[in-house]
Amino acid sequence: MENCRTSARILIIGAGTSGIAAATRLLQNNFQNVQILEAENRIGGRINTIPFGDNVVDMGAQWCYGKQSNCVYEMVKDMGILHGTDDYYSTIKRVRSNKEVIQHELGCAIHDIALRSMPSGPNPVVGSFGTHLTENFWRNIETEMPQLDRDLANEALETFAKHESSIIGSDSLFDVSIREHIEYHECDGDKLLHWGTKGYKRFLRLLMKVSEDDPEGLGLLEGRVHLGKKVTKIELACPSKVILRCEDGDYFEADHVICTVSLGVLQEQHEKLFVPPLPPAKVNAIRSLTLGTVNKLYMEFEKQPLPDDWVGFFCFWLAKDLKELRKTEYSWLEGITGCHMVTCQPRLLMVWVNGPHGRHTETLSDEKVMEGLQWFFRKFLTFEIPPPKRFVRSKWFSNPNFRGSWSFRPTIADDRGTGPWDLESPVKGEDGHIGLLFAGEATSRNHFSTVHGAVEAGFREANRLIALYSSCGFNP
Ligand SMILES: Cc1cc2nc3c(=O)[nH]c(=O)nc-3n(C[C@H](O)[C@H](O)[C@H](O)COP(=O)(O)OP(=O)(O)OC[C@H]3O[C@@H](n4cnc5c(N)ncnc54)[C@H](O)[C@@H]3O)c2cc1C
């Protein structure tokens, strides 16, 4: 190996979780020439904790999903900074669009049937999540709750499917591969671990080893992150180097580049971004996997807007109301699964808007969105929710540095025989040099779509370089 760890030039594209994880691991293994180029004017990517209400809100990642085999949890488990919200979904209300609050035990029983109707185990491994869920749900209702009103059952199924879609990030569960659902490894334990009043940014600060008394510091990455540097060309050149060009005309050379941009950015840019073009297997993966859209809307009120015994509600649309809604300018409200209180922020409410409706809201003004939400509250609730004092929302799809929220594997990827493994594989130059490496959540085989998947992917590519340079110099 001509270069050793101390001199090897490593450039990382993207200062999101994966890029930060890769950089910190490399620096901790004696790589000294590590730089990050980031298009936005902030670090964090899809972790974006901002001040709002009484402390902070997360516009992107918010929860650490589970404990077992979760590298995020592993890193902080002894610090007492992650807090559980285990019983959230067992206490939530279910409200119909005629304002009827569904009796709690009944709502939970139908929800339980829907949960048990989801694909699980090794079979079947073909088809869509939606088909499997729908068929199983109705079969289970027939046998376990034959007396149940079919309209109510249908509303419950629709809401459940919409909620699952918002977790997976799909427009519809009928797009989602069952195989992906089975191959995704859930981490056991509380799925809604949160960061108290600090937000997910706290984790990034720990990863970078920023000291508590340095609110704006970058710790290990001090002096190594170039903000506002949008990479527009990545050229695998000979001999053994990679040339990067930025939108502002800047030019960088490296021995290795780790590209962590989102799947959405790759889909939009890969033909212009990479010289020579990426190999067909990688292009197949880029074209076949999907980056869904889920947006968050936070509202701040003078005081807690929901009754004391409400943590939030799922909305069940009556078929006739949904038909009417679809004819109005508020049709995007169909993309809302429910409305939730925010942990450590009793004066806030949050809604998620999913899929095509989530993308549509990004084209609307704040006033129009607020008007729609007021209409929504009046439609579902018997009590009044006043207009909020302040309002903030995400627009992940229209931002060209993201183009969506998180990735999933659609049925079409199974048909084309591709998945995250093709997105992950490094690309060599003509001389066989491993010049281009890929990280980011969408490259994770079993934890795609998550922060822990993004961290693992960053560590994976750093480890690849560490192994490549194992014969030279540094023995930890
Ligand atoms: C609304 C929302 C809620 C979520 N909730 C959770 C949750 O609760 N728990 C969880 O585990 N996960 C959650 N996620 C998913 C999680 O946030 C992501 O999986 C993870 O943060 C992705 O990290 P990444 O490093 O792979 O990508 P990114 O964070 O997207 O980082 C890539 C970086 O590359 C930069 N970039 C793009 N193009 C260029 C370019 N041309 N030149 C230079 N830089 C460029 C981008 O600006 C970005 O900073 C959520 C995501 C969203 C959007």
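Residues numbered from 1 in each chain as written. Predicted model: local features only at pLDDT ≥ 70, side-chain atom pairs only at ≥ 80, totals over all residues. Heavy atoms only, no water.

(A) View of the nonpolar core. Counting 44 residues, the largest nonpolar core has Ile-12, Leu-26, Phe-31, Phe-203 and Leu-221 as the members making the most contacts within it. Broken down by element, this core gets its largest block of residues, seven residues, from helix α16 (residues 451–468). When near neighbours in sequence (up to four residues on either side) are disregarded, Leu-26 contacts Ile-10, Ile-12, Phe-31, Val-34, Ile-258, Ala-462, Leu-465 and Ile-466. (Core = buried A, V, L, I, M, F, W, Y, C linked by side-chain atoms within 4.5 Å. Buried < 20%, exposed > 50% of the residue type's maximum accessible area, 1.4 Å probe, protein only. Helix = DSSP H or I, 4+ residues; strand = E, 2+ residues; numbered from the N terminus. Contact = heavy atoms within 4.5 Å.)

(B) Looking closely at the domain arrangement of the protein chain. Entries for the protein chain in the domain assignment read domain 1 (9–46 + 200–288 + 418–468) and domain 2 (87–189 + 294–395). The straight-line distance from the C-alpha centre of domain 1 to that of domain 2 is 34 Å. Of the roughly 540 Å² buried between domain 1 and domain 2 on both sides combined, carbon and sulfur atoms contribute 56%. Per-residue buried area on domain 1 facing domain 2 is highest for Asn-446, His-447 and Phe-448; these three make up 71% of the total on that side. In this assembly, domain 1 and domain 2 are joined by zero salt bridges. Taken together, domain 1 and domain 2 are joined by three residue pairs in polar contact (both at pLDDT 80 or more). Residues that form the side of domain 1 that touches domain 2 fall into these classes: one nonpolar, five polar and one charged. (Domains from an automatic or database assignment. Buried area = accessible area lost by both parts, 1.4 Å probe. Salt bridge = Lys/Arg side-chain N within 4 Å of Asp/Glu carboxyl O. Polar contact = N/O pair within 3.5 Å; in protein donor to acceptor, adjacent residues only side chain to side chain. Nonpolar A, V, L, I, M, F, W, Y, C, P; charged D, E, K, R; others polar.)

(C) Examining the pairing of strand β10 (residues 256–259) more closely. Neither face of β10 is left uncovered, since the one carrying His-256 and Ile-258 and the one carrying Val-257 and Cys-259 both have all their residues buried. Sheet topology places strand β1 (residues 9–13) next to β10; four bridges connect them, and they run parallel. Of the residues in β10, the one forming a bridge with Leu-11 is Val-257. Note: β10 against strand β20 (residues 434–438), three bridges, orientation parallel. Paired with Cys-259 across the two strands is Phe-438, which belongs to β20. (Pairing = 2+ DSSP bridges.)

(D) Looking closely at a negative patch on the surface. Together, Asp-213, Asp-214, Glu-216 and Glu-222 give the surface a local cluster of negative charge. Along the chain, the position of Asp-213 falls in the loop between α8 (201–207) and β6 (225–226). In this structure Asp-213 comes out as exposed when scored by relative accessible area, which is 68%. (Patch = residues over 30% accessible without salt bridge, like charges linked within 9 Å, V, L, I, M, F, W, Y side chains within 5 Å. Areas by Shrake-Rupley, 256 points an atom, 1.4 Å probe, with all protein chains shown as cover. Lys, Arg positive; Asp, Glu negative; His and termini not counted. Charge placed at Lys NZ, Arg CZ, Asp CG, Glu CD.)

(E) Main features of the pairing of β20. Across the five residues of β20, five count as buried, placing the element largely inside the fold. The sheet contact formed by strand β19 (residues 427–428) and β20 spans two bridges and is antiparallel. Looking at β20, one finds that Val-427 is bridged to Leu-436. Connecting β19 to the next strand, β20, in antiparallel fashion are five residues, including Gly-432 with a positive phi near 85°.

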